[in-house]
Amino acid sequence: MQTFFTLTNPHNGNLAFKIYSFDDGSQFDHIQRLNYYSLVLLTGGKGILKVDFSEYEIHKEMLLCFSPYQPFMFAEASGLTGTVINFHPDFFCIHKHHKEVACNGVLFNNIYEAPFLHVTQNELKELLAIVNELKVEMKDTSLAQHDILISYLKIILIKASRIKKEQLDKDQEPESGTEPFVVQQLKESIETHYKTKHTASDYADLLNTSYSTLAKVSKNYFNKTLTDLISERIIIEAKRELYLTSKAIKRIAYDLGFNDEYYFSRFFKKNADVSPQQYRETVGFARQELNN
C-alpha cells in the first residue's frame, strides 16, 4: 500500500509538495503532464521512458527529473520501484534560488541532455536517507516545517546537480572526428538565434551544411529531430517568460519571433499541450517581479 505525504497551498488548495514511494510503474503507463516539478528516484526494475519526443532505457539507480508540463510516461515497465518527489514552483522556485541550487539547465530545462542521471549505490543510499528525513518531517506539523522541507529539497537538488555535472563533464571530453564540432556549432547557433530562426533549414543555411547532415547530428547526439530540438528551445524560453514576468502574451510572442500572437499560442499548445494563459495561471505568474 502506498503512503502519500502531501502539502497543499493554503491559498488555492492546489498541490505544493508531495512525496511517496511506488512498487510498480503502472501509474506512469500513460502520459503525465503535471503543473509541478517531479523527481523520480528509481530503486529497482527497468523500462522505457518516453519523454518529449524521445525514448530512453531506464533502470534502477537513476534519478529522473521533469519540469512542469513536460510530458513523460513509462512503457514496458518491469518491476519498477522508487520514490517520487513533486513540488510546485510556488513551494520552491528554482529560478529564484538558482544561485543556491544551480539545477536549472542541469536537472531541468536542458534540451540537449537526457532528463535523468545515473547514481552509484552509495549516492542512492545518500539520496534515500534524505528522502526518509523528508517523510519524517512531513509527519511533523510543528513550527518551521516548511523551512526544513525546503532545506532537505535543496540538498537533494544540489547533490543531484553535482552528480549530473560530473557526468556531463566526462561526456564532453574532447573526441576525435568532426561531428562533435558540428554538434557544438549547432548548440551555439540555436542558443544564439532561436528567437529569430525557427526552422531546420534556417540552421542548415546558417552553418553552411546540408539539412540531412544536421538532422543526423540531432538524432544521433540529442535523440531528437532538428525541428523538435528547435521547438523545445523556444518553448523553454516561452515558459520562463510566462512564469517569471508579467509581460503580455502578445509581447512574449513578438520577442520570440512570432508576429502573430494566435500562431504563437497554437505553437505553444501543440508543444506544451496547454495554452500560454493556462500555463501562466497554473504554474505561476511574475514570481520574480513580485519577490523583488
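Residues numbered from 1 in each chain as written. Predicted model: local features only at pLDDT ≥ 70, side-chain atom pairs only at ≥ 80, totals over all residues. Heavy atoms only, no water.

Side note on helix H9 (residues 261-272)
Alright, step 1. The end-to-end C-alpha distance of H9, which contains twelve residues, comes to 16 Å, matching closely the 16 Å that a straight helix rising 1.5 Å per residue would cover.
Alright, step 2. Within the sequence span of H9, burial applies to Phe-264, Phe-267, Phe-268, Asn-271 and Ala-272. Seen along its axis, H9 keeps its buried residues to an arc of 105°; they face one direction. Residues Tyr-262, Arg-266 and Lys-270 are exposed on H9 and point more than 90 degrees away from its buried face.
Alright, step 3. Buried-residue contacts for H9 involve helix H7 (226-244), helix H8 (249-255) and helix H10 (276-283).
Alright, step 4. Residue Asp-260 occupies the N-cap position of H9, its side-chain oxygen lying 2.8 Å from the main-chain nitrogen of Tyr-262. (Helix = DSSP H or I, 4+ residues; strand = E, 2+ residues; numbered from the N terminus. Expected span 1.5 Å × (residues − 1). Buried < 20%, exposed > 50% of the residue type's maximum accessible area, 1.4 Å probe, protein only. Arc of directions from axis to C-beta. Contact = heavy atoms within 4.5 Å. Polar contact = N/O pair within 3.5 Å; in protein donor to acceptor, adjacent residues only side chain to side chain.)

Focus: helix H2 (residues 121-138)
Alright, step 1. Along its 18 residues, H2 runs 26 Å from first to last C-alpha, staying within 8% of the 26 Å computed at 1.5 Å per residue.
Alright, step 2. Within H2, the full set of buried residues consists of Leu-124, Leu-127, Ile-130, Val-131, Leu-134, Lys-135, Glu-137 and Met-138. The arc that holds the buried residues of H2, viewed along the axis, is 165°, so those residues lie on one side. Exposed residues on H2 whose side chains face more than 90 degrees from its buried face are Gln-121, Asn-122, Lys-125 and Val-136.

A word on the environment of Phe-66
Alright, step 1. Position of Phe-66 among the secondary structure elements: in strand S5 (residues 62-66).
Alright, step 2. Between the alpha carbons of Phe-66 and Val-51 there is a distance of 8.9 Å; along the sequence they are 15 residues apart.

Quick word on the nonpolar core
Alright, step 1. Membership of the largest hydrophobic core comes to 37 residues, with the highest contact counts inside it found for Leu-186, Ile-190, Leu-214, Leu-229, Leu-256, Phe-264 and Phe-268.
Alright, step 2. Residue assignment for this core shows that the elements contributing at least two residues are helix H4 (179-193), helix H5 (200-206), helix H6 (211-222), H7, H8, H9 and H10.
Alright, step 3. Among the elements that line this core, the one with the most residues is H7, at nine residues.
Alright, step 4. Look past the residues within four positions of Phe-268 in its chain and what remains in contact with it is Ile-235, Ala-238, Lys-239, Leu-242, Asp-273, Val-274, Ser-275, Pro-276 and Tyr-279. (Core = buried A, V, L, I, M, F, W, Y, C linked by side-chain atoms within 4.5 Å.)

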